[in-house]
Amino acid sequence: CNAIIESATNTIVITCKNSIIPNDVTTIGPYAYALWPAGGDFVIPENITALKEGAFYCCKFKTIHIPGGVTEIGPSCFFNCYNMQKAKLPDALTRIEEMAFSNSGLQEIVIPDSVTFIGEGAFTNCQSLQTLYLGCGIREIAAYAFKDCAKLQKVVSRIPADKLTATGSGCFENIGKECVLYVPRGSKSAYENALGWNNFKRIVEKDM
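Residues numbered from 1 in each chain as written. Predicted model: local features only at pLDDT ≥ 70, side-chain atom pairs only at ≥ 80, totals over all residues. Heavy atoms only, no water.

Trainee: I'd like to hear about the environment of P90, residue by residue, with values.
Mentor: Position of P90 relative to the elements: it lies in the loop between β8 (86-88) and β9 (95-96). The buried category is assigned to P90, whose relative accessible area is 5%. Each C-alpha atom, one on P90 and one on G105, is 19 Å from the other, the two residues being 15 residues apart in sequence. In this structure P90 touches I66, P67, G68, V70, P112 and S114, once residues within four positions along its chain are discounted. (Helix = DSSP H or I, 4+ residues; strand = E, 2+ residues; numbered from the N terminus. Buried < 20%, exposed > 50% of the residue type's maximum accessible area, 1.4 Å probe, protein only. Contact = heavy atoms within 4.5 Å.)

Trainee: Account for the packing of aromatic side chains, with residues named and values stated.
Mentor: A full pass over the atoms with the stated rule returns 17 aromatic pairs. On the numbers, 5.3 Å between centres and 70 degrees between planes, the contact of F42 with F56 is edge-to-face. In this pair, F42 is assigned in strand β4 (residues 41-43) and F56 in the loop between β5 (50-51) and β6 (63-65), connecting sequence segments 14 residues apart. Overall, the relative accessible area of 0% leaves F56 in the buried class. With 5.2 Å between their ring centres and 10 degrees between their planes, F123 and F146 make a pair best called stacked. Residue F123 is located in the loop between β11 (117-118) and β12 (131-134), and its partner F146 is located in the loop between β13 (140-141) and β14 (154-157); the two are separated by 23 residues in the primary sequence. For the pair F123 and F146, one class covers both residues: buried. If you follow K154 out to its NZ or CZ, it ends over the ring of Y182, 5.8 Å from the centre. Over the ring of Y182 we find K206, and its NZ or CZ is 5.6 Å from the ring centre. (Phe/Tyr/Trp six-rings, centres within 6.5 Å; stacked < 30°, edge-to-face > 60°. Lys NZ or Arg CZ within 6 Å of the ring centre and 35° of its normal.)

Trainee: Explain the environment of P37 residue by residue, including any values.
Mentor: Secondary-structure assignment places P37 in the loop between β3 (27-28) and β4. Between the C-alpha atoms of P37 and C58, which are 21 residues apart in sequence, the distance is 8.9 Å.

Trainee: I'd like a description of unusual backbone geometry, backed by residues and values.
Mentor: Even without being glycine, C58 reaches a positive phi, approximately 60 degrees. Position of C58 relative to the elements: it lies in the loop between β5 and β6. Look at C58 and you get buried, because its relative accessible area is 17%. Phi at N80 takes a positive value of approximately 65 degrees, unusual for a residue other than glycine. By the secondary structure assignment, N80 is in the loop between β7 (72-73) and β8.

Function-wise, these values are silent; they only describe arrangement.
Have a look at this one:
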């Protein structure tokens, strides 16, 4: 397979340009694909269930296909992936750790309902991000999660009023000045009184 694999944990440790991931590998280890030079699409095999810290640090691909069994995206997993415009997150995902997509080229991101936690600085400084969809299962958004997403114009949150909590410090700091927050009908008051969410100048109710 032209790669180094830790067989005891079924973890790919380091790869080269022509590496093929065997079917019994379940984890992409820390920095295994760091500085991957290839552009275009990158398809992670369906047998992968875990992406560790910095797994795709500073890669050049434009789109990433994350398999359905991945439940956690590790810290700095896609950090500095400037060319990455699209990433489809799986419905099994529960956690997005700190700095996971920071400094990436994402234009839109949909956080599935299965996600409960978004870590510190997870999407900070995504300069091309314009649209953000937040699933109803989110219970914690840490500090600076979307800080410096200066082009962000639309945030759609499906978090219900009775599950809404304050965001971490500076979560939506320095986003688009005209950014609109869309919330479930009947929950506007809850958002207006929740720290972090109340920084939005326009909060609009809509059917979700």
